[in-house]
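# Coordinate analysis (summary)
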Amino acid sequence: MSTAEHDRLATSEDSRAPWRRWGPYVSARQWGTVREDYSADGDAWAHLPFEHSHLRAYRWGEDGLAGLCDVDGFLNLGLALWNGQDDRLKERLFGVTNPQGNHGEDVKEYWWALEGTPTHSYASWLYRYPQQAYPYADLVRVNGERGVHEEEYELADTGILDQDRFFDVQVRHAKAAPGDICVEITATNHGPEAAPLHLVPQLWFRNTWSWGLDERRPHLWAGHREPGLTQVLARHRVLGSLQLSATSGPGAEGVDPTLVFCDNETNHAALYGGEAGTGTGAYPKDAVDRAVVHGQRDAGNPGMTGTKVALWWQLDRVEPGASVTVRLRLSESGPGHGDAARDGRRTTAPTVFDEQVMADRERECDEFFAAVIPERAGDQDALVARRAFAGLQWGKQLYLYDIARWIEGDPGQPPPPPGRHSRTGGRNTRWRHVNLAEVISMPDEWEYPWFATWDLAFHCVAIAHVDPYFAKWQLLLMCREWVMNPNGQLAAYEWNFSDVNPPVHPWAAWQVYTIDGGQDRDFLHRVVLKMLLNFPWWVNRKDSEGSDVFEGGFLGMDNVGLFDRSEPLPGGQRLEQADATAWMGMFCLKMLRMSAELAREDAAWDEVSTKFLVHFLSIADALDDFGSRHTSLWDPEDEFFHDVLVAADGTAYRMPVRSMVGLLPLAGVSIVPDWVATELPDLTDFFQGWTERRPELADSLIHTTHRGFSRRTLSLISRDQWQSLLRPLLDEGEFLGPHGIRSLSAAHRDGVRVDLDGQPLSLAYVPGESDSGMFGGNSNWRGPVWLPVNALLLDSLRVYGRGAGAGLEVEYPTGSGRSLGLEQVAGEVEDRIIGLFRPGADGRRPGTPRHHPAGPLWDAHPTFSEYFHGDTGAGLGASHQTGWTALVAHFICAPEGIPNR
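Residues numbered from 1 in each chain as written. Predicted model: local features only at pLDDT ≥ 70, side-chain atom pairs only at ≥ 80, totals over all residues. Heavy atoms only, no water.

The next point concerns the pattern of salt bridges. Enumeration over the complete set of coordinates arrives at 60 salt bridges. In this structure, the salt-bridge partner of Arg-92 is Asp-63, at a minimum N-O distance of 2.8 Å. Placement of Arg-92 in the loop between strand S4 (81-82) and strand S5 (95-96) and of Asp-63 in the loop between helix H3 (50-53) and strand S2 (65-70) is noted, with a sequence separation of 29 residues between them. Classification of Arg-92 as buried rests on a relative accessible area of 7%. With its nearest N and O atoms 3.4 Å apart, the salt bridge here joins Arg-141 to Glu-145. Of this pair, Arg-141 and Glu-145 are both found in helix H4 (residues 136-145), four residues apart, which corresponds to roughly one turn of the helix. Owing to a relative accessible area of 45%, Arg-141 belongs among the partly exposed residues under this scheme. In this structure Glu-145 comes out as exposed when scored by relative accessible area, which is 55%. A single salt-bridge network, built from bridges that share partners, covers Arg-172, Glu-184, Arg-327, Glu-355 and Glu-362. (Salt bridge = Lys/Arg side-chain N within 4 Å of Asp/Glu carboxyl O. Helix = DSSP H or I, 4+ residues; strand = E, 2+ residues; numbered from the N terminus. Buried < 20%, exposed > 50% of the residue type's maximum accessible area, 1.4 Å probe, protein only.)

With that out of the way, let us pick up the pairing of strand S32 (residues 752-756). Only one face of S32 is covered, namely the one carrying Val-752, Val-754 and Leu-756; the face carrying Arg-753 and Asp-755 has none of its residues buried. Taken together, the five bridges between S32 and strand S33 (residues 759-763) define a ladder with antiparallel strand orientation. Bridge pairing in S33 places Val-752 opposite Leu-763. Two successive antiparallel strands, S32 and S33, enclose a turn made up of two residues, where Asp-757 displays a positive phi of approximately 50°. (Pairing = 2+ DSSP bridges.)

With that settled, the discussion passes to the environment of Thr-651. In this structure, Thr-651 sits in the loop between strand S25 (644-646) and strand S26 (652-654). Through-space distance from the C-alpha of Thr-651 to that of Asp-381 is 52 Å; in sequence the pair is 270 residues apart. Here Asp-649 takes part through its side chain, which lies 2.8 Å from a polar atom of the side chain of Thr-651. (Polar contact = N/O pair within 3.5 Å; in protein donor to acceptor, adjacent residues only side chain to side chain.)

Structurally, Gln-489 is set in the loop between helix H12 (468-477) and helix H13 (505-515). On the basis of relative accessibility, which here comes to 6%, the residue Gln-489 falls in the buried class. Only 3.1 Å separates the side chain of Gln-489 from the backbone oxygen of Ser-498, close enough to count as a polar contact. Discounting chain neighbours no more than four positions away, the residues touching Gln-489 are Trp-431, Met-484, Phe-497, Ser-498, Asp-499, Asn-534 and Trp-537. (Contact = heavy atoms within 4.5 Å.)

Once that is clear, we can look at the pairing of strand S13 (residues 219-226). As paired elements, S13 and strand S14 (residues 229-236) share six bridges and run antiparallel to each other. Bridge pairing links Ala-222 to Val-232 in S14. Counting the residues between successive antiparallel strands, the hairpin from S13 to S14 contains two residues, one of them, Gly-228, with a positive phi of roughly 90°. Sheet analysis places S13 next to strand S17 (residues 305-306), joined by two bridges and oriented antiparallel. Looking at S17, one finds that Leu-220 is bridged to Gly-306.

The next point concerns helix H21 (residues 787-802). For H21, which comprises 16 residues, the first-to-last C-alpha distance of 22 Å matches the rise-based estimate of 22 Å (1.5 Å per residue) to within 8%. For H21, the tally of buried residues reaches 16 of 16 residues, placing the bulk of the element in the interior. (Expected span 1.5 Å × (residues − 1).)

Relative to the helices and strands, Leu-456 is located in helix H11 (residues 453-463). Here Leu-456 falls in the buried class, since its relative accessible area comes to 0%. Spatially, the C-alpha atoms of Leu-456 and Gln-231 are 40 Å apart, while their sequence positions differ by 225 residues.

This paragraph deals with the packing of H12 against H13. Where H12 meets H13, the closest approach of the two axes is 10 Å, and the angle between their N-to-C directions is 160°. In terms of orientation, H12 lies roughly antiparallel with respect to H13. When you trace H12 past H13, the crossing you get is left-handed. Contact residues: H12 offers Ala-471, Lys-472 and Leu-475, while H13 offers His-505, Ala-508, Ala-509 and Val-512. (Axes fitted to C-alpha atoms, helices over the stretch in contact; angles between N-to-C directions. Parallel < 35°, antiparallel > 145°, perpendicular 65-115°, else oblique. Left-handed = near helix turned anticlockwise from the far one by under 90°.)

Bringing the packing of H13 against helix H14 (residues 521-541) into the picture now. It is at 11 Å that the axes of H13 and H14 come closest, and there the two elements cross at 175°. The angle between H13 and H14 places the two elements in the roughly antiparallel class. In contact with His-505, Pro-506, Ala-509, Trp-510 and Tyr-513 of H13, H14 contributes Arg-521, Phe-523, Leu-524, Val-527 and Met-531. Residue classes in the contact of H13 with H14 are distributed as eight nonpolar, one polar and one charged. (Nonpolar A, V, L, I, M, F, W, Y, C, P; charged D, E, K, R; others polar.)

Under the counting rule described, the total for this entry stands at 44 aromatic pairs. On the numbers, 6.3 Å between centres and 80° between planes, the contact of Trp-454 with Trp-583 is edge-to-face. You can see Trp-454 sitting in helix H11 and its partner Trp-583 sitting in helix H15 (residues 578-599), a full 129 residues away along the chain. Grouping residues by exposure puts Trp-454 and Trp-583 together as buried. (Phe/Tyr/Trp six-rings, centres within 6.5 Å; stacked < 30°, edge-to-face > 60°.)

It is worth spelling out the sheet that holds strand S7 (residues 111-116) at this point. Pairing is antiparallel across the open sheet formed by nine strands, whose spatial order is S7-S8-S9-S10-S19-S15-S14-S13-S17. Across the chains shown, the open sheet's two edge strands, defined by having one partner strand only, are S7 and S17. Note that S14 and strand S15 (residues 240-248) share seven bridges and pair antiparallel. Each bridged residue has a counterpart across the sheet, and for Arg-235 the counterpart in S15 is Ser-241. Sitting on the sheet, helix H8 (residues 355-372) is in contact with S7, strand S8 (122-130), strand S9 (166-177), strand S10 (180-189) and strand S19 (323-332), with an inclination near 90° to S9. Here helix H9 (residues 379-394) sits on the sheet in contact with S7, S8 and S9, set at roughly 95° to S7.

Structural data, given as structure tokens:
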């Protein structure tokens, strides 16, 4: 491929490469995160709530609307708005917190990532801003009054968006050069009447000086001003000199912005009482809000200097259907700090917005995606893929977190509570080595503004189609010594790094490697070496009996079981999990496949392949039958895999639940390449001798002859078992939903009940939002469709279709009398999933959340929800999950010839 963006990528194979130095790395939400929590009780939502966000300086990051920053997050450029009605400046997205929402935390705004190239040479973002006062209190109150069986109360439900009474505010970024960025902000009044609008872009430095570590302050001050041009100058010890130039575009001609300077510091008087101006600065960060919204024209620094500045355009009347545009240009290497600059006299020629740069980068963005997205994708699917990729780019956020410093506190601040140090009660105390200052792919801009390792693995599969370097770097980053625990465990997520997430890293690494062309042996070496450290942690920590049957805890399935699988069980009981064991079988097979690939050039890896073959065979044997006192995870009567609860005396109880847990053993499959027989002697010798030494393991190697070709497939489960699982998998009365594979069988609509030692337990198919408080209630695996596990299962069907199931046809759907090959079946299910994002005859997309109104202004925009209703496909959970839900772009873009797809 050869486009201008591909050329930029070719020079950007470094996380700090010039074209990656600036990007949309500013978080959508920094308040309510663990990083900002210095409380005694660990209640991050309450320690720095939304109500404090405009008053308090953050310690570990920043947030904003459509924010841009440098790769270190020193200088930030973001948008603020005011409609003349709100009680505060709209500087960041609002939502209810985990304890406030009837289904957990939930953002209450509407916005879309429209475009985004991997080097951030071009990007576009759209925000829907109400013209009436934003109903903050009403949203909190009504959601707090509703129970888990009721729908969430959303912004559209309040009625303030009726008759399209909103502004669509589009922000576009285009780089003239790596450190030279044009920004255009256009607001369109879609309402029936004229309405006022204040556009208030802000430039500010992250506060690095209030913590007692480095008191040096950067500076912003007013530069040259003349009608039609306003400049702000900046100086930073690392970034050097910069300038921001502002001009008014169409619809805003003749209106120049007012400059409001202040400091990015906490307003101690407003928060804690005392005289105004007390604390760390006389002009704290909320001075812009007080000036714009509350009419305090003297709130800003009259000296026209500070560490934060707002450029305030006051547009008193925007007519219906009219648009107004303002333009900025942020450039490195601006004027110096001489007297002329401080006096506002011009020292260099002004750098102003360049319309040609914006047009060129937009055209190059189109050319890039035309090269990435295959021609077979129609216009609608191409749009969906582009929006998914855009969400991934806007979901890249700077993540700063030094846990040792966070636990100990800063010398310039009060010490954190002693409980923070506790090895039992303190959060993440076993992860003091973590010290991150990296741009990381986040699951969701608002509800998950922190990395989650298993989410990130799925993100990387989609990212690899547009930016293979970044995908590989993200997978390796999670394994670096400043993230991975010294014991080999991968960090789970910010709220509890010690939690257990599924080991999908090897699967994702192989996917990324093959999508990238299967040539980057250096990446393969590095990731396999790191996974060699991670694998023993699983074996030593999550197989307590040494039986090769694993007890993984959370494992990403949240509330899929009869009880919380993350909590310790009483009385010496343990839960032996079909999914944990399946994950480990898949882990072994991907390690075998990757090490075999490396062995083609380095014979030492041949023995590593054999090691993982031995592990795999033991796990496969254990999954089927692991001892006379235990019960097999495979139920021969139900023809399904189930978790098994083992009591202290060895008595075993099968959990009679047909869930995604029992389907995951299908993911343990891999084709043995033909070249293994001639190129890998150690592995080949083992293949030839193992059935003689251990005949009971023979079922795991399936020989198939199809169209004259002999194929060998390693399968965690027997031919009878995987073929039996296909029946419920493809049954529309069980797992096959209109828009993908459900996480719990619809056969459980009436519920399943178990009496365990006198304690009644039950669960039922719940296709929509969770009706359980387990895991906070904002996530549900008891019926909805989730794209990550769908991607795993469909990948496995393709592998079976090319190996052990070559030539096999199965009923699709089960009971229909229609027969298809397994690869065709995978394609059909993928098409159902892609259908979530395609507009129907009425223009509405099935996957759109129910609370998004209908009509052209809404239906034009696909949404990417965390998961989808098992019957209707409506989007549920987090509403901007272009993390793993961006896998739809993988389905659209992946060539049919990719190995193991």
